[in-house]
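Read off the chains here:
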Amino acid sequence: MKTWSEMRAFPLAIRLLLVNQLGVNIGFYLLIPYLATHLGADLGMSAAVVGIVLGVRNLSQQGLFILGGSAADRLGARGVIIAGCALRTVGFALFALGDGLPVLLAASILSGLAGALFNPAVRAYLAAEAGDRKAEAFALFNIFATTGALVGPLIGSALLLVDFRASALTAAAIFALLTVAQAVVLPAREVPASKGSVLGDWREVLGNRAFLAFSLAMVGMFTMENQLYLLLPDGARRATGWDGAAGIVFLVGTLANLTLQMRITRSLKERGSRARWVAVGLALMGVAFVPPMAVAGTSGTGGGGVGGAALALVPVLAGALLLYVGVMIAQPFVMELIPEFGRAELTGTYFGIFYVVSGIAAAVGNTVVGWAMDAGGHGGAAWLPWACCLAFGLLSAAGVGWLHRLRALPVRAVAVTV
């Protein structure tokens, strides 16, 4: 299997980080998608309280990415990765052990802070270890992350047959194992002494206007990726009248990712600039919403038996497949570009601020899509949310293309022989 042989070509540290990301996503997705149901149905909490608990977790992660990135730069990515996995172990265990609001809020804060620590640190470590093969390393990273996002909910669904606490304890156990694995296997690297202050680092990164513009241009990528968990599953359920149809969307995407990701990245890396392929990927992600938009509101809810349901699902699956391919084209090159906007000593800070800026922008984008789903449903315009995502993709692609024309994006160094 080419993906396996490609993985073995990387050093042990990168292989461990890939397995780590698989475990992180399995542990996360076997728990978090079912947390709202547990809080509301099992614990009898109001929708407002459920929203607070979920919002605190998200805010703790999105708002503190910058701290995780700076910690990786100044303390070393290895220690921050280990600390993040350990904190998530504690946070997920608290979800299993406590039913009161204070305990649940503490669990949300700890699990969110954990993600804020290890997400930028893992990417910074990966970028440093991969050298000139960053694109391939991040392509593999995407494969393992996507696989974990598929496997996690399947395990979570099975564990819920026992109860929610079984899911939470299993997730905590996974993160505990990851913590030990990182501590035992992940090599420590010398951290250069920092010359300035943390605030000085932040000012330097935030003063990089090209980097900020690029981060904002990525609003489309993050918004459209999130529709794999919102709009596309909803479209699959509406098309077929079957709740399990959403799982087929994830299965198709994961199989495509395993089969195509490395082929796509290797093929495109030496053909044209990275900015070009990022723009192409973003545009394709936008176009992915055209097939389901073309039949939105016309396919019914799975009338015509199994054959009719399968036929109605085809446009949604075609859209999902195009979306996954667009991500496969763009994401490795996006991850490769980020560290090259500034000094190597600030790689973690660049990743941290990138996720803060693009995360906030994507939250606005998701709000727009959610509004369009409601407005389209009430106004007989089922095509509206799909059209919004198409617009996000094309605007983001145009933004990256504009930055490329201005020569604002890093250019890959070419070795010259004398």
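Parameters at a glance
Residues numbered from 1 in each chain as written. Predicted model: local features only at pLDDT ≥ 70, side-chain atom pairs only at ≥ 80, totals over all residues. Heavy atoms only, no water. Helix = DSSP H or I, 4+ residues; strand = E, 2+ residues; numbered from the N terminus. Rg over C-alpha atoms; globule rule 2.2 N^0.38 Å. Buried < 20%, exposed > 50% of the residue type's maximum accessible area, 1.4 Å probe, protein only. pLDDT = per-residue confidence, 0-100. Core = buried A, V, L, I, M, F, W, Y, C linked by side-chain atoms within 4.5 Å. Contact = heavy atoms within 4.5 Å. Expected span 1.5 Å × (residues − 1). Patch = residues over 30% accessible without salt bridge, like charges linked within 9 Å, V, L, I, M, F, W, Y side chains within 5 Å. Areas by Shrake-Rupley, 256 points an atom, 1.4 Å probe, with all protein chains shown as cover. Salt bridge = Lys/Arg side-chain N within 4 Å of Asp/Glu carboxyl O. Arc of directions from axis to C-beta. Phe/Tyr/Trp six-rings, centres within 6.5 Å; stacked < 30°, edge-to-face > 60°. Lys NZ or Arg CZ within 6 Å of the ring centre and 35° of its normal. Axes fitted to C-alpha atoms, helices over the stretch in contact; angles between N-to-C directions. Parallel < 35°, antiparallel > 145°, perpendicular 65-115°, else oblique. Left-handed = near helix turned anticlockwise from the far one by under 90°. Nonpolar A, V, L, I, M, F, W, Y, C, P; charged D, E, K, R; others polar. Disulfide = S-S within 2.5 Å.

Regarding the overall build of the protein chain
The number of helices and strands found in the protein chain is 19 helices and 0 strands. Relative to its length of 418 residues, the protein chain is compact, with a C-alpha radius of gyration of 21 Å against a globular reference of 22 Å. Principal-axis analysis of the C-alpha atoms places the extent of the protein chain at approximately 70 × 50 × 40 Å. With 418 residues in all, the protein chain has 54% of them scored as buried.

As for the confidence of the model for the protein chain
A residue-level look at the protein chain finds 96% of positions with pLDDT of 70 or above and a mean pLDDT of 88. Helix 15 (residues 274–287) holds the highest mean pLDDT among the elements of the protein chain, 96, whereas helix 1 (residues 2–8) holds the lowest, 75.

Some details on the nonpolar core
Among the nonpolar cores identified, the biggest contains 125 residues, and Phe 214, Met 218, Phe 354 and Val 400 are the most heavily contacted of them. Ranked by the residues each element gives to this core, the list is headed by helix 17 (residues 305–337), at 14 residues. Setting aside anything within four residues of it in sequence, one finds Met 218 in contact with Val 278, Leu 282, Val 334, Phe 354 and Val 400.

Quick notes on helix 8 (residues 134–159)
If you check helix 8, its first and last C-alpha atoms are 36 Å apart, about what 26 residues at 1.5 Å a residue would give, namely 38 Å. Here helix 8 lies mainly inside the structure; 20 of its 26 residues are buried.

Thoughts on unusual backbone geometry
The backbone phi angle of Arg 407 is positive, close to 60°, even though this residue is not glycine. If you trace the backbone, Arg 407 turns up in the segment after helix 19 (384–405).

Here we look at a nonpolar patch on the surface
Together, Leu 12, Val 180, Val 184 and Val 185 line one region of the surface with nonpolar side chains, adding up to about 350 Å² of accessible area. Of the residues forming the nonpolar patch, the biggest block, 3 residues, is contributed by helix 9 (residues 164–185). Note that Val 184 resides in helix 9.

Let's talk about helix 3 (residues 35–42)
Among the residues making up helix 3, those that are buried are Leu 35, His 38 and Leu 39. Along the axis of helix 3, the buried residues cluster in a sector spanning 95°; they form a single face. Facing away from the buried side of helix 3 by over 90 degrees, the exposed positions are Thr 37 and Ala 41. Elements that come into contact with the buried residues of helix 3 comprise helix 4 (47–62), helix 6 (77–97), helix 7 (101–130) and helix 9. Positive backbone phi, at 70°, marks Gly 44, one or two positions downstream of helix 3.

Quick word on the packing of aromatic side chains
All chains considered together, the criterion is met by 15 aromatic pairs. Aromatic ring contacts, followed pair by pair, group Phe 65, Phe 211, Phe 214, Phe 222, Phe 341, Tyr 350, Phe 354 and Tyr 355 into a single cluster. Positioned above the aromatic ring of Phe 10 is the side chain of Arg 133, whose terminal nitrogen or guanidinium carbon lies 4.3 Å from the ring centre.

Concerning the packing of helix 2 (residues 12–29) against helix 6
Contact geometry for helix 2 and helix 6: axes closest at 12 Å, N-to-C directions at 20°. The orientation of helix 2 with respect to helix 6, classified from their angle, is roughly parallel. Of the two elements, helix 2 crosses helix 6, and the hand of that crossing is left-handed. Counting all contacts with helix 2, which are made through Leu 17, Asn 20, Gly 27 and Phe 28, the residues of helix 6 involved are Ile 81, Cys 85, Arg 88 and Phe 92. Looking at side-chain class alone, the contact of helix 2 with helix 6 contains 5 nonpolar, 2 polar and 1 charged residues.

Quick notes on the state of the cysteines
Tallied over the entire structure, the rule returns 0 disulfides. As a non-bridged cysteine, Cys 389 has Cys 388 as the owner of its nearest cysteine sulfur, 6.8 Å distant. On the basis of relative accessibility, which here comes to 0%, the residue Cys 389 falls in the buried class.

Points about the packing of helix 2 against helix 9
Running from N to C, helix 2 and helix 9 point in directions that differ by 170°, and their axes come no closer than 9 Å. The pairing of helix 2 with helix 9 is recorded here as roughly antiparallel in orientation. Handedness of the helix 2/helix 9 crossing: left-handed. Taking contact as the criterion, the partners of Leu 12, Leu 16, Leu 17, Asn 20, Gly 23, Val 24, Ile 26, Gly 27 and Phe 28 in helix 2 are, on helix 9, Ala 171, Ile 174, Phe 175, Leu 178, Ala 181, Gln 182 and Val 185.

Topic: the environment of Gln 61
Relative to the assigned elements, Gln 61 resides in helix 4. Put simply, Gln 61 and Phe 211 are 150 residues apart on the chain and 21 Å apart in space, counted from C-alpha to C-alpha. Ignoring any residue separated from it by four or fewer positions in sequence, one finds Gln 61 in contact with Arg 88, Ser 111, Gly 112, Gly 115, Ala 116 and Asn 119.

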